[in-house]
Amino acid sequence: MRLSISLLFLAHSVTGFSNVGPQVKIGSSLQATTIEPPPLSPLTLWGEKYVNIRKLQEEVRSRPVPEFAPEISAKDLGLSTTAEQLEYFKSNAMELKKRMQSNGAVIFRDFELMKSSEGFQEMYAALGMKVCLDPLHSVSARPTVDGEKNSPVYEAVNKESRKNFFIGMHNEFVGTRAPRAAAFVCLKAAEEGGEFILVDGRKIFRDLSPELVEELYSRGIRYSVMELPFFGWIDNFPSVVQPLIMGFLKGAAEAAINAKVDFSVDLRWEEGGYDNVKMLQARAPSQPPIVTHPVTGDPTWFCNVHSHSSKLRKDRESIYGAERFEDGASQINKSDMYFGDDGDIPNEALEEMDQVTAKNMKYVKMREGDVVLLDNYKCMHGRNVFDGTRKHGVAWFEGWDGEEDTKQNFEFS
(Lines give C-alpha, C1' and ligand atoms only; values in the text may rest on other atoms or scores of the structure.)
Protein backbone atom coordinates (compact mmCIF):
# COMPACT_ATOMS: atom_id res chain seq x y z
CA MET A 1 0.00 0.00 0.00
CA ARG A 2 2.78 2.45 0.93
CA LEU A 3 4.53 1.73 -2.38
CA SER A 4 1.43 2.37 -4.46
CA ILE A 5 0.61 5.59 -2.58
CA SER A 6 4.13 6.93 -3.12
CA LEU A 7 4.02 6.11 -6.82
CA LEU A 8 0.64 7.81 -7.19
CA PHE A 9 1.93 10.94 -5.43
CA LEU A 10 5.08 10.90 -7.53
CA ALA A 11 3.09 10.68 -10.75
CA HIS A 12 0.86 13.56 -9.67
CA SER A 13 3.79 15.71 -8.55
CA VAL A 14 5.83 15.24 -11.71
CA THR A 15 3.21 15.02 -14.43
CA GLY A 16 0.02 16.36 -12.89
CA PHE A 17 0.61 20.05 -13.48
CA SER A 18 -1.60 21.57 -16.14
CA ASN A 19 0.17 23.11 -19.10
CA VAL A 20 -0.27 26.69 -20.17
CA GLY A 21 -2.96 26.86 -22.81
CA PRO A 22 -2.96 28.69 -26.14
CA GLN A 23 -1.82 32.28 -25.94
CA VAL A 24 -3.20 35.43 -27.48
CA LYS A 25 -1.68 38.14 -29.59
CA ILE A 26 -2.78 41.70 -29.01
CA GLY A 27 -3.12 43.97 -31.99
CA SER A 28 -3.41 47.74 -32.05
CA SER A 29 -7.14 47.49 -31.35
CA LEU A 30 -6.49 45.20 -28.36
CA GLN A 31 -8.93 42.61 -29.70
CA ALA A 32 -7.69 39.22 -28.51
CA THR A 33 -7.76 36.39 -31.00
CA THR A 34 -6.96 32.87 -29.91
CA ILE A 35 -4.28 31.42 -32.16
CA GLU A 36 -1.58 28.79 -31.90
CA PRO A 37 0.55 28.93 -28.73
CA PRO A 38 3.73 30.99 -28.94
CA PRO A 39 7.01 29.09 -29.15
CA LEU A 40 8.69 27.49 -26.19
CA SER A 41 11.27 29.49 -24.36
CA PRO A 42 14.44 29.29 -26.50
CA LEU A 43 17.35 27.00 -25.76
CA THR A 44 20.00 28.46 -23.48
CA LEU A 45 23.00 29.87 -25.34
CA TRP A 46 26.08 29.06 -23.29
CA GLY A 47 28.68 30.28 -25.78
CA GLU A 48 32.12 28.77 -26.35
CA LYS A 49 34.22 27.72 -23.37
CA TYR A 50 36.79 30.28 -22.29
CA VAL A 51 40.38 29.00 -22.34
CA ASN A 52 41.71 31.25 -19.55
CA ILE A 53 38.93 32.56 -17.31
CA ARG A 54 41.28 34.37 -14.91
CA LYS A 55 42.92 36.33 -17.71
CA LEU A 56 39.47 37.22 -19.05
CA GLN A 57 38.43 38.49 -15.62
CA GLU A 58 41.56 40.68 -15.51
CA GLU A 59 40.65 42.17 -18.88
CA VAL A 60 37.08 42.84 -17.76
CA ARG A 61 38.32 44.53 -14.57
CA SER A 62 40.51 46.87 -16.63
CA ARG A 63 37.48 48.22 -18.48
CA PRO A 64 35.12 50.94 -17.23
CA VAL A 65 32.22 49.69 -15.13
CA PRO A 66 29.18 49.77 -17.42
CA GLU A 67 26.07 51.77 -16.53
CA PHE A 68 23.35 49.53 -15.18
CA ALA A 69 19.54 49.82 -15.28
CA PRO A 70 19.01 53.51 -16.14
CA GLU A 71 15.58 55.03 -15.48
CA ILE A 72 13.34 56.73 -18.04
CA SER A 73 10.43 58.84 -16.78
CA ALA A 74 7.37 59.74 -18.83
CA LYS A 75 7.13 62.97 -16.81
CA ASP A 76 10.69 63.96 -17.70
CA LEU A 77 9.90 63.29 -21.37
CA GLY A 78 6.68 65.31 -21.21
CA LEU A 79 4.55 62.34 -22.23
CA SER A 80 1.21 62.99 -20.55
CA THR A 81 -1.21 60.84 -22.57
CA THR A 82 -1.22 57.10 -23.22
CA ALA A 83 -1.21 57.80 -26.97
CA GLU A 84 1.98 59.84 -26.65
CA GLN A 85 3.55 57.17 -24.49
CA LEU A 86 2.71 54.39 -26.95
CA GLU A 87 4.13 56.45 -29.82
CA TYR A 88 7.31 56.97 -27.81
CA PHE A 89 7.86 53.20 -27.57
CA LYS A 90 7.18 52.72 -31.27
CA SER A 91 9.46 55.55 -32.38
CA ASN A 92 12.32 54.63 -30.05
CA ALA A 93 11.99 50.85 -30.10
CA MET A 94 15.44 50.03 -31.48
CA GLU A 95 17.26 52.49 -29.25
CA LEU A 96 15.49 51.20 -26.14
CA LYS A 97 16.32 47.60 -27.00
CA LYS A 98 19.96 48.55 -27.51
CA ARG A 99 19.98 50.20 -24.09
CA MET A 100 18.48 47.05 -22.56
CA GLN A 101 21.37 45.04 -23.99
CA SER A 102 24.09 47.58 -23.17
CA ASN A 103 22.84 48.42 -19.67
CA GLY A 104 21.33 45.06 -18.68
CA ALA A 105 17.95 46.61 -17.93
CA VAL A 106 15.87 49.77 -18.40
CA ILE A 107 13.40 51.02 -15.79
CA PHE A 108 10.34 52.91 -17.06
CA ARG A 109 8.65 55.23 -14.57
CA ASP A 110 5.45 57.33 -14.52
CA PHE A 111 3.80 55.74 -17.56
CA GLU A 112 0.01 55.71 -17.40
CA LEU A 113 -0.05 53.29 -20.35
CA MET A 114 1.24 50.29 -18.40
CA LYS A 115 -1.15 50.52 -15.43
CA SER A 116 -3.24 47.75 -17.00
CA SER A 117 -2.26 44.38 -18.37
CA GLU A 118 -3.63 45.42 -21.78
CA GLY A 119 -1.54 48.59 -21.86
CA PHE A 120 1.52 46.62 -20.75
CA GLN A 121 1.02 44.28 -23.70
CA GLU A 122 0.68 47.26 -26.04
CA MET A 123 3.94 48.63 -24.70
CA TYR A 124 6.07 45.56 -25.35
CA ALA A 125 4.35 44.92 -28.69
CA ALA A 126 5.31 48.46 -29.75
CA LEU A 127 8.92 47.62 -28.89
CA GLY A 128 8.79 44.56 -31.14
CA MET A 129 9.37 42.03 -28.36
CA LYS A 130 8.58 38.42 -29.33
CA VAL A 131 6.60 36.61 -26.63
CA CYS A 132 7.45 33.03 -25.66
CA LEU A 133 6.03 30.57 -23.16
CA ASP A 134 7.10 30.65 -19.56
CA PRO A 135 10.29 28.56 -19.18
CA LEU A 136 8.42 26.62 -16.47
CA HIS A 137 5.89 25.56 -19.11
CA SER A 138 7.02 21.92 -19.28
CA VAL A 139 6.96 21.32 -15.52
CA SER A 140 4.21 23.51 -14.08
CA ALA A 141 1.72 26.25 -14.85
CA ARG A 142 2.59 29.65 -13.47
CA PRO A 143 -0.68 31.54 -12.83
CA THR A 144 -1.56 34.52 -15.00
CA VAL A 145 -2.38 37.98 -13.66
CA ASP A 146 -5.97 37.90 -14.90
CA GLY A 147 -6.59 34.21 -14.19
CA GLU A 148 -7.11 33.43 -17.87
CA LYS A 149 -5.06 30.58 -19.28
CA ASN A 150 -4.67 32.46 -22.56
CA SER A 151 -3.04 35.50 -20.98
CA PRO A 152 0.60 36.13 -21.96
CA VAL A 153 1.25 37.98 -18.69
CA TYR A 154 2.18 35.71 -15.79
CA GLU A 155 2.09 36.32 -12.05
CA ALA A 156 5.45 37.37 -10.60
CA VAL A 157 5.34 35.52 -7.26
CA ASN A 158 2.62 37.50 -5.51
CA LYS A 159 1.20 34.78 -3.24
CA GLU A 160 0.48 35.82 0.32
CA SER A 161 2.01 32.53 1.49
CA ARG A 162 5.36 33.63 0.04
CA LYS A 163 5.39 37.24 1.23
CA ASN A 164 8.11 36.59 3.81
CA PHE A 165 10.16 34.53 1.35
CA PHE A 166 13.07 36.58 -0.01
CA ILE A 167 13.50 35.49 -3.63
CA GLY A 168 17.21 35.27 -4.31
CA MET A 169 18.90 36.69 -7.38
CA HIS A 170 18.59 34.51 -10.45
CA ASN A 171 18.50 34.42 -14.21
CA GLU A 172 15.32 32.85 -15.52
CA PHE A 173 16.04 29.42 -16.95
CA VAL A 174 14.82 25.87 -16.52
CA GLY A 175 17.11 23.09 -17.64
CA THR A 176 18.10 23.84 -21.21
CA ARG A 177 15.74 26.78 -21.84
CA ALA A 178 16.11 30.46 -21.04
CA PRO A 179 14.16 33.46 -22.37
CA ARG A 180 16.32 36.15 -23.92
CA ALA A 181 14.54 38.98 -22.15
CA ALA A 182 11.64 39.79 -19.85
CA ALA A 183 9.43 42.70 -18.86
CA PHE A 184 8.12 43.03 -15.30
CA VAL A 185 5.17 45.32 -14.61
CA CYS A 186 3.71 46.66 -11.38
CA LEU A 187 -0.09 46.53 -11.45
CA LYS A 188 -0.39 47.04 -7.69
CA ALA A 189 2.45 47.83 -5.33
CA ALA A 190 2.63 46.13 -1.95
CA GLU A 191 1.79 48.34 1.01
CA GLU A 192 5.24 47.66 2.42
CA GLY A 193 8.37 46.15 0.88
CA GLY A 194 8.10 43.92 -2.18
CA GLU A 195 10.85 45.77 -4.04
CA PHE A 196 11.98 44.26 -7.32
CA ILE A 197 15.72 43.65 -7.10
CA LEU A 198 18.23 43.72 -9.95
CA VAL A 199 21.88 42.64 -10.18
CA ASP A 200 24.27 43.13 -13.10
CA GLY A 201 25.81 39.73 -13.85
CA ARG A 202 28.86 41.41 -15.38
CA LYS A 203 29.64 43.00 -12.00
CA ILE A 204 29.38 39.67 -10.22
CA PHE A 205 31.98 38.27 -12.60
CA ARG A 206 34.23 41.29 -11.98
CA ASP A 207 33.97 41.24 -8.19
CA LEU A 208 34.36 37.56 -7.28
CA SER A 209 37.85 36.47 -6.28
CA PRO A 210 39.91 35.04 -9.17
CA GLU A 211 40.48 31.83 -7.23
CA LEU A 212 36.76 31.19 -6.79
CA VAL A 213 35.97 32.12 -10.39
CA GLU A 214 38.57 29.68 -11.65
CA GLU A 215 37.38 26.82 -9.46
CA LEU A 216 33.72 27.33 -10.27
CA TYR A 217 34.38 27.65 -13.99
CA SER A 218 36.76 24.67 -14.21
CA ARG A 219 34.50 22.35 -12.19
CA GLY A 220 31.17 23.76 -13.37
CA ILE A 221 28.00 23.97 -11.29
CA ARG A 222 25.05 21.69 -10.85
CA TYR A 223 21.62 22.22 -9.31
CA SER A 224 19.37 19.86 -7.48
CA VAL A 225 15.96 20.86 -8.80
CA MET A 226 13.58 18.65 -6.85
CA GLU A 227 13.35 16.60 -3.67
CA LEU A 228 10.86 13.78 -3.21
CA PRO A 229 10.81 13.37 0.58
CA PHE A 230 8.17 10.70 1.15
CA PHE A 231 10.09 7.42 1.23
CA GLY A 232 10.72 6.95 4.95
CA TRP A 233 8.43 3.91 4.90
CA ILE A 234 11.14 1.94 3.06
CA ASP A 235 12.96 1.55 6.39
CA ASN A 236 10.09 -0.66 7.58
CA PHE A 237 11.14 -3.38 5.12
CA PRO A 238 13.92 -5.89 5.80
CA SER A 239 17.32 -4.48 4.83
CA VAL A 240 17.80 -7.20 2.21
CA VAL A 241 14.69 -6.00 0.34
CA GLN A 242 15.30 -2.27 0.57
CA PRO A 243 17.82 -2.01 -2.35
CA LEU A 244 15.33 -3.71 -4.69
CA ILE A 245 12.53 -1.32 -3.72
CA MET A 246 14.82 1.71 -3.98
CA GLY A 247 16.08 0.65 -7.40
CA PHE A 248 12.54 0.21 -8.69
CA LEU A 249 11.39 3.58 -7.32
CA LYS A 250 14.43 5.41 -8.71
CA GLY A 251 13.87 3.95 -12.16
CA ALA A 252 10.15 4.79 -12.15
CA ALA A 253 10.80 8.34 -10.95
CA GLU A 254 13.54 8.98 -13.55
CA ALA A 255 11.27 7.75 -16.33
CA ALA A 256 8.41 9.98 -15.16
CA ILE A 257 10.54 13.11 -14.75
CA ASN A 258 12.56 12.76 -17.95
CA ALA A 259 9.36 12.21 -19.91
CA LYS A 260 8.13 15.57 -18.62
CA VAL A 261 11.18 17.82 -19.00
CA ASP A 262 13.46 18.36 -21.98
CA PHE A 263 16.74 17.89 -20.11
CA SER A 264 18.33 14.88 -18.51
CA VAL A 265 17.73 14.53 -14.77
CA ASP A 266 19.89 12.35 -12.56
CA LEU A 267 18.18 10.97 -9.44
CA ARG A 268 20.07 9.93 -6.34
CA TRP A 269 19.07 8.70 -2.92
CA GLU A 270 19.77 11.13 -0.08
CA GLU A 271 18.57 11.70 3.46
CA GLY A 272 17.08 14.97 4.63
CA GLY A 273 14.83 16.77 7.05
CA TYR A 274 15.03 16.75 10.81
CA ASP A 275 14.67 12.96 10.96
CA ASN A 276 16.95 12.15 7.98
CA VAL A 277 14.14 10.52 6.04
CA LYS A 278 14.96 8.83 2.75
CA MET A 279 14.36 11.05 -0.29
CA LEU A 280 15.10 11.14 -4.00
CA GLN A 281 16.97 14.22 -5.15
CA ALA A 282 16.90 15.25 -8.83
CA ARG A 283 20.00 16.95 -10.22
CA ALA A 284 20.25 18.80 -13.51
CA PRO A 285 23.29 18.45 -15.81
CA SER A 286 26.49 20.35 -15.10
CA GLN A 287 26.77 23.81 -16.65
CA PRO A 288 29.16 26.78 -16.68
CA PRO A 289 28.52 29.65 -14.23
CA ILE A 290 29.79 32.25 -16.72
CA VAL A 291 28.48 32.56 -20.28
CA THR A 292 29.00 34.74 -23.33
CA HIS A 293 26.20 37.19 -24.06
CA PRO A 294 24.56 36.12 -27.35
CA VAL A 295 24.59 39.63 -28.85
CA THR A 296 27.16 41.84 -27.13
CA GLY A 297 29.77 39.13 -26.46
CA ASP A 298 30.24 40.21 -22.82
CA PRO A 299 31.19 37.47 -20.36
CA THR A 300 28.52 37.50 -17.67
CA TRP A 301 27.66 35.62 -14.49
CA PHE A 302 24.79 33.22 -15.25
CA CYS A 303 24.45 31.24 -12.05
CA ASN A 304 21.51 30.93 -9.66
CA VAL A 305 23.44 30.10 -6.52
CA HIS A 306 21.88 33.02 -4.62
CA SER A 307 18.38 31.62 -5.07
CA HIS A 308 19.13 27.89 -5.27
CA SER A 309 21.63 27.31 -2.46
CA SER A 310 19.95 25.62 0.49
CA LYS A 311 22.43 27.21 2.91
CA LEU A 312 21.81 30.76 1.65
CA ARG A 313 18.05 30.25 1.77
CA LYS A 314 18.24 29.01 5.35
CA ASP A 315 20.41 31.99 6.27
CA ARG A 316 17.70 34.30 4.93
CA GLU A 317 14.96 32.33 6.69
CA SER A 318 16.67 33.14 9.99
CA ILE A 319 16.02 36.81 9.15
CA TYR A 320 12.67 36.78 7.36
CA GLY A 321 11.09 33.51 8.47
CA ALA A 322 10.42 30.32 6.53
CA GLU A 323 8.13 29.96 3.54
CA ARG A 324 4.73 28.47 4.27
CA PHE A 325 4.29 25.41 2.07
CA GLU A 326 0.64 24.94 1.12
CA ASP A 327 0.66 21.98 -1.25
CA GLY A 328 2.64 18.91 -2.18
CA ALA A 329 4.08 20.54 -5.30
CA SER A 330 5.63 23.35 -3.23
CA GLN A 331 7.12 20.88 -0.80
CA ILE A 332 9.03 18.97 -3.48
CA ASN A 333 10.29 22.05 -5.34
CA LYS A 334 13.36 22.48 -3.15
CA SER A 335 16.75 23.16 -4.64
CA ASP A 336 20.43 23.20 -3.78
CA MET A 337 23.71 23.75 -5.59
CA TYR A 338 26.89 21.73 -6.04
CA PHE A 339 30.02 21.71 -8.14
CA GLY A 340 29.51 20.15 -11.55
CA ASP A 341 31.35 17.02 -10.36
CA ASP A 342 28.79 16.73 -7.47
CA GLY A 343 31.23 17.97 -4.85
CA ASP A 344 29.87 20.17 -2.09
CA ILE A 345 30.58 23.90 -2.42
CA PRO A 346 32.27 25.09 0.81
CA ASN A 347 30.36 27.51 3.02
CA GLU A 348 33.03 30.16 2.64
CA ALA A 349 32.60 30.07 -1.15
CA LEU A 350 28.81 30.35 -0.81
CA GLU A 351 29.23 33.25 1.60
CA GLU A 352 31.55 35.08 -0.81
CA MET A 353 29.05 34.70 -3.65
CA ASP A 354 26.30 35.90 -1.31
CA GLN A 355 28.28 38.97 -0.23
CA VAL A 356 29.26 39.95 -3.77
CA THR A 357 25.67 39.54 -4.92
CA ALA A 358 24.31 41.61 -2.02
CA LYS A 359 26.84 44.38 -2.69
CA ASN A 360 25.55 44.72 -6.25
CA MET A 361 21.81 44.57 -5.58
CA LYS A 362 19.71 47.45 -6.89
CA TYR A 363 16.36 47.73 -5.08
CA VAL A 364 13.61 49.10 -7.32
CA LYS A 365 10.46 50.22 -5.54
CA MET A 366 8.00 49.93 -8.39
CA ARG A 367 4.76 51.92 -8.51
CA GLU A 368 1.66 51.15 -10.54
CA GLY A 369 2.54 51.33 -14.24
CA ASP A 370 6.29 51.00 -13.77
CA VAL A 371 8.03 48.44 -15.98
CA VAL A 372 11.50 46.88 -15.87
CA LEU A 373 12.66 45.62 -19.25
CA LEU A 374 15.65 43.35 -18.71
CA ASP A 375 18.14 41.26 -20.62
CA ASN A 376 17.88 37.83 -19.00
CA TYR A 377 21.51 36.95 -19.72
CA LYS A 378 23.02 40.08 -18.16
CA CYS A 379 20.51 40.96 -15.48
CA MET A 380 19.56 38.81 -12.50
CA HIS A 381 16.36 39.53 -10.64
CA GLY A 382 14.71 38.78 -7.31
CA ARG A 383 12.12 40.14 -4.89
CA ASN A 384 12.15 41.51 -1.37
CA VAL A 385 9.73 40.36 1.32
CA PHE A 386 6.49 42.33 1.59
CA ASP A 387 3.32 43.04 3.53
CA GLY A 388 -0.09 43.70 2.04
CA THR A 389 -1.31 42.86 -1.44
CA ARG A 390 1.15 42.80 -4.31
CA LYS A 391 0.33 42.28 -7.98
CA HIS A 392 3.24 42.26 -10.37
CA GLY A 393 3.27 40.56 -13.76
CA VAL A 394 5.90 39.33 -16.20
CA ALA A 395 6.11 38.57 -19.91
CA TRP A 396 8.92 36.45 -21.34
CA PHE A 397 10.52 37.01 -24.74
CA GLU A 398 12.35 34.69 -27.12
CA GLY A 399 13.89 37.71 -28.81
CA TRP A 400 12.89 40.91 -30.54
CA ASP A 401 12.63 42.53 -33.94
CA GLY A 402 16.04 43.65 -35.17
CA GLU A 403 18.04 41.50 -32.75
CA GLU A 404 20.36 40.13 -35.43
CA ASP A 405 20.94 43.60 -36.88
CA THR A 406 22.18 44.90 -33.53
CA LYS A 407 25.00 42.36 -33.21
CA GLN A 408 27.26 44.43 -35.46
CA ASN A 409 26.87 47.39 -33.08
CA PHE A 410 28.47 45.48 -30.21
CA GLU A 411 31.94 44.11 -29.98
CA PHE A 412 33.75 42.63 -27.01
CA SER A 413 37.40 41.79 -27.50
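Whatever comes next refers back to the structure up there.
By convention here, each chain's residues receive numbers from 1 onward along its written sequence. Predicted model: local features are reported for residues with pLDDT of at least 70 only, side-chain atom pairs are reported and counted for 80 or more only, and whole-chain, interface and lining totals are derived from all residues. Side-chain metrics in this entry use all non-hydrogen atoms of the structure; hydrogen atoms and water are not considered.

S.K.: Before we move on, could you go through the overall build of the protein and cite the residues and values that matter?
M.R.: Across its full length, the protein carries 14 helices and 21 strands. Three exposure classes are used, based on accessible area relative to the maximum for each residue type with a 1.4 Å probe and protein chains only: buried under 20%, partly exposed in between, and exposed over 50%. Burial statistics for the protein: of 413 residues in total, 53% are counted as buried. A separation threshold of at least 6 residues defines the contact pool for the protein, and within that pool the share at least 24 residues apart is 83%. Per-residue and other accessible areas were derived by the Shrake-Rupley procedure at a 1.4 Å probe size, with only the shown protein chains allowed to occlude residues. If you sum the accessible surface of the protein, you get close to 18100 Å²; carbon and sulfur atoms cover 51% of it. Comment: elements are numbered from the N terminus, with helices defined as DSSP H or I runs of at least four residues and strands as E runs of at least two. We call two residues in contact when some of their heavy atoms are within 4.5 Å.

S.K.: Which residues make up the environment of Ser-335, and what are the values?
M.R.: Relative to the assigned elements, Ser-335 resides in the loop between helix H12 (328–332) and strand S16 (336–339). Along the chain, Ser-335 and Val-225 lie 110 residues apart, while their C-alpha atoms are 4.8 Å from each other. Apart from the residues lying within four places of it in its own chain, the contact partners of Ser-335 are Ser-224, Ser-307, His-308, Ser-310 and Arg-313. Here His-308 takes part through its backbone oxygen, which lies 3.2 Å from a polar atom of the side chain of Ser-335. Think of a polar contact as two N or O atoms within 3.5 Å of one another; within protein, one of them needs to be a possible hydrogen donor and the other a possible acceptor, and neighboring residues in sequence only count if both atoms come from side chains.

S.K.: Pulling in residues and values, what's your account of the pairing of strand S13 (residues 277–283)?
M.R.: Side-chain direction in a regular strand flips from residue to residue, so the side chains alternate between the two faces of the sheet. Where burial is concerned, most of S13 is hidden: 6 out of the 7 residues are buried. A pair of strands is considered paired only if DSSP assigns at least 2 bridges between the two. Pairing geometry for strand S11 (residues 221–228) and S13, over 4 bridges, is antiparallel. Looking at S13, one finds that Ser-224 is bridged to Arg-283.

S.K.: Now, about the pattern of salt bridges: what can you tell me, with residues and values included?
M.R.: Any carboxyl oxygen of Asp or Glu within 4 Å of a side-chain nitrogen of Lys or Arg constitutes a salt bridge here. Considering all chains together, one arrives at 25 salt bridges under this definition. Salt-bridge contacts for Glu-403 lead to Arg-180; the nearest nitrogen and oxygen are separated by 2.9 Å. One end of the pair, Glu-403, is in helix H14 (residues 403–406); the other, Arg-180, is in the loop between strand S7 (167–170) and strand S8 (181–188), and 223 residues separate them in sequence. Each member of the pair, Glu-403 together with Arg-180, is buried. Residue Asp-315 pairs with Lys-311 through a salt bridge whose shortest N-O separation is 2.7 Å. One end of the pair, Asp-315, and the other, Lys-311, are both in helix H11 (residues 310–320), 4 residues apart, so they sit about a helical turn from each other. Taken together, the shared-partner salt bridges in this structure form one network comprising Arg-222, Asp-266, Arg-268, Glu-270, Arg-283 and Asp-342.

S.K.: How would you sum up the packing of aromatic side chains? Please name residues and give values.
M.R.: When the centres of two rings from Phe, Tyr and Trp lie within 6.5 Å, Trp using its six-membered ring, the rings pair. Their planes under 30 degrees apart give stacked, over 60 give edge-to-face, and anything left gives tilted. Applying the stated criterion across every chain yields a total of 17 aromatic pairs. Each ring, one from Phe-302 and one from Tyr-377, has its centre 5.1 Å from the other, and the planes form 15°; the classification is stacked. Taken together, the residues Phe-302 in the loop between strand S15 (299–301) and helix H10 (305–308) and Tyr-377 in the loop between strand S18 (371–375) and strand S19 (379–383) connect sequence positions 75 residues apart. Note on Tyr-377: relative accessible area 0%, which makes it buried. Through a chain of ring-to-ring contacts, three or more aromatic side chains come together here, namely Trp-46, Phe-173, Tyr-223, Phe-302 and Tyr-377. One Lys or Arg, Arg-219, reaches over the ring of Phe-339 and ends 3.7 Å from the middle of that ring. Think of it as a cone above the ring: NZ of Lys or CZ of Arg counts as a charge over the ring if it is within 6 Å of the ring centre and within 35 degrees of the ring normal. Sitting over the ring of Tyr-338, Arg-283 keeps its end group 3.6 Å from the ring centre.

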